[in-house]
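# A structural walkthrough
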Amino acid sequence: MQATENSQETDVRTDEELVRIVVGGDVECFEVLITRYQSRVFGMARKYFRNESDAEDVVQGIFTKTFQKLSSYKGTAPFEHWFMRLSLNACYDALRRKRNRPDQTISDMLFDDESWQDRLSNIPDASDRVGLEEARELVYTVLGQISDRARIVLTLQELEGRSIREITEITGWSESLVKVQAFRARKEMRASVERFLMKEEKL
Amino acid sequence: MKSNETEQQFLKLAKTIQMDERVPDGFQAQVMARVREQHALEIRSSDEQFLRFARNLPANEHVPYAFEKRIMARLRDLLTPDPLTLWSRMLWRAVGPCLGVMILVVLFSSEGLVDTSAGQAAGELDFETADFETVMLASFDDLENTW
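Computed from a predicted structure; not experimentally measured. (Residues numbered from 1 in each chain as written. Chains lettered and ligands numbered in written order. Predicted model: local features only at pLDDT ≥ 70, side-chain atom pairs only at ≥ 80, totals over all residues.)

## Thoughts on the overall build of chain A
Which entries qualify depends on this criterion: Numbering goes from the N terminus for both helices and strands, where a helix is a DSSP run of H or I of at least four residues and a strand is a run of E of at least two. Put plainly, a residue is buried at 20 or more neighbouring C-beta atoms within 10 Å of its own, exposed at 12 or fewer, and partly exposed in between, counting only other residues' C-beta atoms, which are placed from the backbone.
Of the regular secondary structure elements, chain A holds ten helices and zero strands. Along chain A, from the amino end to the carboxyl end, the secondary structure elements read α-α-α-α-α-α-α-α-α-α. For chain A, the residues scored as buried account for 27% of the 203 residues in total.

Written as structure tokens, this is what we have:
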């Protein structure tokens, strides 16, 4: 088992070569691609979905869809870009489907022991699992108040530090749409933060 | 003693002076503008603080155990054709031709009826119905004979 994983990690074949082999009929080679990208895709999915099983479902769907669409990959752009774009679109679709089921409100995220701003100023240590989990919940709750498109743009631009051009390449949206969404995202996020502060003041 | 009197007089005088409650023009608007500015600054700073916080949270890239195996098993399932699905797919494919044949048969039979009905007399029809009845009830006639 360990040996297989290691051999997959050290596989020197490029993504494009592996895609050609899989499309040619050797399905088993797809496992190498999964091993290569799964951690990144999980990282991405967890930015949009708090629930672990939701994230797992989305990632599973992403790989299944990738396998089904692999023959449509033309090889004009790097596989990584094509794949990440597909993954992001899958996350966006899943977010839209999930929109009807809000899972946490602002009031659930107010703390008795410390103020919201105090919490924001203390980024938990990587070893502090509980602290990290709470911090992630806080981020999810604030970002959960933002519309899906705006959330994706905000995550890519502000949290991952990508440029507008990169975002247009990843999402496939026009530059003007990305700019509008970026502006809207900041506005919505500000409103969300404000709501938090006001709610806390009332308590 | 004298100073005391002066003090009292001063206080009396002071009391007679009415409080000047006049408010400078636009004072309220000025204060409110400052309050709003301060509030906006606070929000912006919390806004920035939130972004900094979210940016610095380490990404959770943990992969569940043997996740790739699970995906591969799922893909293999997708590739293996299910006999029931194949059968239903074939049935659905047969629906079109069957409908076509049915329509053709209906058309031909109705044409045949039109052709024959013109030449057939009423007596011939009665004869056919009598034949039909004889054939249908033949078995019952046989039954009676056995008894």
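Past the structure itself, the notes keep going.
## Focus on the overall build of chain B
Scanning chain B for helices and strands turns up five helices and zero strands. Reading chain B from its N terminus to its C terminus gives the helix and strand order α-α-α-α-α.

## What to know about helix α8 (residues 148–159) of chain A
Residue and element names in this part refer to chain A. Test applied: By this rule, a helix spans an expected 1.5 Å times one less than how many residues it contains.
Over its twelve residues, α8 extends 15 Å from the first C-alpha to the last, a length consistent with the 16 Å expected when each residue adds 1.5 Å. Considered for burial, the residues of α8 that qualify are A150, R151, I152, V153, L154, T155 and L156. Positive backbone phi, at 70 degrees, marks G161, one or two positions downstream of α8.

## Notes on helix α2 (residues 15–23) of chain A
All names here are of chain A. For clarity, the threshold we go by: By construction, the arc corresponds to the directions joining the helix axis to the C-beta atoms.
Restricting attention to buried positions, one finds in α2 the residues L18, V19 and V22. The arc that holds the buried residues of α2, viewed along the axis, is 105 degrees, so those residues lie on one side. After α2 finishes, the residue G25 shows a positive phi value of roughly 125 degrees.

## Considering the interface of chain A and chain B
Our working rule: With C-beta atoms placed from the backbone, a contact is any residue pair whose C-beta atoms sit within 7 Å. Asp, Glu, Lys and Arg are counted as charged, while Ala, Val, Leu, Ile, Met, Phe, Trp, Tyr, Cys and Pro are counted as nonpolar; the rest, among them Gly, fall into the polar class.
With 33 residues of chain A in contact, the opposing surface of chain B contributes 25 residues. Every element with two or more residues in the side of chain A that touches chain B is listed here: α3 (30–48), α4 (52–69), α6 (116–121), α7 (129–143), α8 and α10 (175–202) of chain A. Per element, the largest residue contribution to the side of chain A that touches chain B is ten residues, and it comes from α3(A). Along the lines of polarity and charge, the residues of the side of chain A that touches chain B split into 17 nonpolar, eight polar and eight charged.

## Examining the nonpolar core
Definition in use: Residues of type Ala, Val, Leu, Ile, Met, Phe, Trp, Tyr and Cys that are buried and joined through C-beta atoms within 7 Å form what is called a nonpolar core. Marked domain ranges trace back to an automatic or database domain assignment.
Counting 49 residues, the largest nonpolar core has V41(A), A45(A), V58(A), V59(A), C91(A), V142(A) and V153(A) as its most contacted members. The dominant element in this core, judged by the number of residues it contributes, is α3(A), at nine residues. A domain-level breakdown of this core finds at least three residues from each of domain 1 (1–103) and domain 2 (104–203) of chain A. Beyond its immediate sequence surroundings of up to four residues, V142(A) is in contact with M189(A), S192(A), V193(A), F196(A) and F50(B).

## Examining the packing of α3(A) against helix α5 (residues 79–98) of chain A
Residue and element names in this part refer to chain A. In plain terms, the rule: Here, axes are lines fitted to C-alpha atoms. For helices the fit covers the stretch in contact, and angles between N-to-C directions go from 0 to 180 degrees. If an angle is under 35 degrees, it is roughly parallel; if it is over 145, roughly antiparallel; if it lies from 65 to 115, roughly perpendicular; otherwise it is oblique. Definitions for this section: a left-handed crossing has its near helix turned counterclockwise from the far helix by less than a right angle. A right-handed crossing has that turn clockwise.
Where α3 meets α5, the axes come as close as 10 Å, and the angle between the chain directions of the two elements is 30 degrees. If you check the angle between α3 and α5, you find them roughly parallel. Here the hand of the crossing between α3 and α5 comes out right-handed. When α3 is examined against α5, the residues Y37, V41, M44, A45 and Y48 are found in contact with a partner set consisting of F83, S87, C91 and L95.

## Quick notes on unusual backbone geometry
Unusually for a residue other than glycine, A66(B) sits at a positive phi of about 50 degrees. Topologically, A66(B) is positioned in the loop between α2 (27–56) and α3 (67–79).

## What about the environment of L159(A)?
You can see L159(A) is positioned in helix α8. Separated by 112 residues in sequence, L159(A) and K47(A) have C-alpha atoms that sit 9.9 Å apart. Excluding residues within four positions of it along the chain, L159(A) makes contact with A54(B) and R55(B).

## Focus on the confidence of the model for chain A
Using the following cut-off: For every residue, the predictor states its confidence as a pLDDT score lying anywhere from 0 to 100.
Looking at chain A, pLDDT values average 82 and 85% of them are 70 or higher. Looking at the elements of chain A, mean pLDDT is at its lowest for helix α1 (residues 2–9) of chain A, recorded as 51, and at its highest for α4(A), recorded as 92.

## Side note on the packing of α8(A) against helix α9 (residues 164–171) of chain A
All names here are of chain A. Direction vectors running N to C along α8 and α9 enclose 130 degrees, while the axes themselves pass 10 Å from each other. Classified by the angle between their axes, α8 and α9 sit oblique to one another. Considering how the two elements wind past one another, α8 and α9 form a crossing that is right-handed. Where α8 approaches α9, its residues I152, V153, L156 and Q157 are matched on the opposing element by I167, I170 and T171. Looking at side-chain class alone, the contact of α8 with α9 contains five nonpolar, two polar and no charged residues.

## Quick look at the confidence of the model for chain B
All names here are of chain B. Overall, the prediction assigns chain B a mean pLDDT of 79, with 80% of residues at 70 or greater. The secondary structure element of chain B with the lowest average pLDDT is helix α5 (residues 122–146), at 68, and the one with the highest is α3, at 88. Across the interface, the model reports ipTM at 0.73; the global pTM reads 0.64.

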